[in-house]
Amino acid sequence: MPTITRSDLVRLLALRFPQLAPPDSDAAVKAILGALGDALARGRRVEIRGFGSFHAGQRLPRTARNPRTGERVAIPGRRVAHFRAGKALREAIAASAPEHPEQ
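These numbers come from a predicted model, not from an experiment. (Residues numbered from 1 in each chain as written. Predicted model: local features only at pLDDT ≥ 70, side-chain atom pairs only at ≥ 80, totals over all residues. Heavy atoms only, no water.)

Chemist: What am I meant to see in the pattern of salt bridges here?
Modeler: Pairs can form between side chains of opposite charge once their charged atoms are near each other. Across all of its chains, the model carries 5 salt bridges by this definition. Of the charged contacts in the structure, one is a salt bridge between Asp26 and Lys30, with a shortest N-O distance of 3.7 Å. With Asp26 and Lys30 both in helix 2 (residues 22-41) and 4 residues apart, the pair spans about one turn of that helix. Glu47 serves as the salt-bridge partner of Arg49, at 2.7 Å between the closest nitrogen and oxygen. Residue class for Glu47 comes out partly exposed when judged on its relative accessible area of 40%. The network of salt bridges with shared partners includes Arg6, Asp26 and Lys30. (Salt bridge = Lys/Arg side-chain N within 4 Å of Asp/Glu carboxyl O. Helix = DSSP H or I, 4+ residues; strand = E, 2+ residues; numbered from the N terminus. Buried < 20%, exposed > 50% of the residue type's maximum accessible area, 1.4 Å probe, protein only.)

Chemist: Just to check I follow, could you spell out the packing of aromatic side chains for this structure?
Modeler: Aromatic ring pairs are reported here in terms of the distance separating the ring centres and the angle at which the planes meet. By the definition in use, this model includes 2 aromatic pairs. Residues Phe51 and Phe83 carry aromatic rings whose centres are separated by 5.4 Å and whose planes lie at 45° to one another, so their mutual orientation is tilted. With a gap of 32 residues between them, Phe51 in the loop between strand 1 (46-48) and strand 2 (52-59) and Phe83 in strand 5 (residues 78-85) connect regions that are remote in the sequence. Residue class for Phe51 comes out partly exposed when judged on its relative accessible area of 37%. For Phe83, a relative accessible area of 39% puts it in the partly exposed group. Where Phe54 meets Phe83, the ring centres are 4.8 Å apart and the plane angle is 45°; that geometry is what we call tilted. A residue pair is termed long-range when its members are at least 10 positions apart, and Phe54 in strand 2 and Phe83 in strand 5 qualify at 29 residues. Using a relative accessible area of 16% as the deciding quantity, one classes Phe54 as buried. Ring-pair connections join several aromatic residues into one group, and the members of that group are Phe51, Phe54 and Phe83. (Phe/Tyr/Trp six-rings, centres within 6.5 Å; stacked < 30°, edge-to-face > 60°.)

Now the structure itself:
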């Protein structure tokens, strides 16, 4: 399954908007991703209509086991980013999904 990287986003933005020079496309992608990351780090929720919403959630501390030794390991709680797809994105994905997904 192909992956789209940040540099791919910059290239696609430059192709879609030819009036933007490649450095401007790069600056735009950096600014958007930077603003998203900063907002999440401050505990804010970010909503992009038609795409989805991001928020910082809390993972509780837990005890796990080392699979090699069986030893118990304490995993501390932490904040993690969560994403919930918007209705338009969910519908677009469902419409383009293959009948029999490859594994």
